[in-house]
Amino acid sequence: KKGNIGNPNDAQAESEYVEALKREKEARLKRNQEEFGADGESNRLRFEGYRQGIYCRIRIDGIPAEFVNSFDPTMPLVIGGLTPQETERGLIRCRFKKHRWHKKILKCNDPLVFSIGWRRFQSIPVFSTEDQNG
């Protein structure tokens, strides 16, 4: 109904909603001030890490000149890393099932591509069998 668009009750309800959001934001800022003290944002970053939407500067040493020459600032640069546990050699117990389309038998020196979450990496696993009878 076009007649209700300029209704003063709608404007009043909207202003009450905006005021409620402002009060909620002020209460949250007050709680953060009490929790993190005068240092505020620096303490918060130390305990929580960088939140989504915060800009940070990353310094990377040893960048090749080809990257600098071909870098396009209009395209996003996705940066990822590995945790210390992921850089070490690890042991995983798992079971493989043969897919009906894959005709070859997997061997120890065959490289495999693993997709775990959003990470994808290649490795050369060492296979072993477990004898159920002893």
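As the structure is a prediction and not an experimental result, all values here were calculated from the model.

Considering the packing of aromatic side chains
(1) Moving on: On inspection of all chains with the given rule, the structure shows two aromatic pairs.
(2) Moving on: With centroids separated by 5.6 Å and ring planes inclined at 40 degrees, the aromatic side chains of Phe67 and Phe71 adopt a geometry described as tilted.
(3) Moving on: With relative accessibility at 32%, the residue Phe67 sits in the partly exposed group.

Digging into the environment of Ala13
(1) Moving on: Relative to the elements of secondary structure, Ala13 occurs in helix α1 (residues 8-36).
(2) Moving on: Given a relative accessible area of 43%, Ala13 falls into the partly exposed group.
(3) Moving on: Sequence separation between Ala13 and Glu41 is 28 residues; the distance between their C-alpha atoms is 34 Å.

Details of a nonpolar patch on the surface
(1) Moving on: A contiguous nonpolar surface patch, about 720 Å² in accessible area, is contributed by Ile58, Ile60, Ile63, Phe67, Val68, Phe71, Leu77 and Ile79.
(2) Moving on: As for its position among the elements, Ile60 is in the loop between α2 (41-48) and α3 (65-70).

Considering the pattern of salt bridges
(1) Moving on: Applying the stated rule across the entire model yields three salt bridges.
(2) Moving on: Measuring nitrogen to oxygen at the nearest pair gives 3.9 Å for the salt bridge that ties Glu19 to Lys22. You can see Glu19 and its partner Lys22 sitting in helix α1, three residues apart, about one turn around the helix.
(3) Moving on: On the accessibility criterion, Glu19 (39% relative accessible area) is partly exposed.
(4) Moving on: For Glu24, the salt bridge goes to Arg28, with nearest N and O atoms at 3.8 Å. Note that Glu24 and Arg28 are positioned in helix α1 at a spacing of four residues, about one turn of the helix.

Conventions adopted
Residues numbered from 1 in each chain as written. Predicted model: local features only at pLDDT ≥ 70, side-chain atom pairs only at ≥ 80, totals over all residues. Heavy atoms only, no water. Phe/Tyr/Trp six-rings, centres within 6.5 Å; stacked < 30°, edge-to-face > 60°. Buried < 20%, exposed > 50% of the residue type's maximum accessible area, 1.4 Å probe, protein only. Helix = DSSP H or I, 4+ residues; strand = E, 2+ residues; numbered from the N terminus. Patch = residues over 30% accessible without salt bridge, like charges linked within 9 Å, V, L, I, M, F, W, Y side chains within 5 Å. Areas by Shrake-Rupley, 256 points an atom, 1.4 Å probe, with all protein chains shown as cover. Salt bridge = Lys/Arg side-chain N within 4 Å of Asp/Glu carboxyl O.

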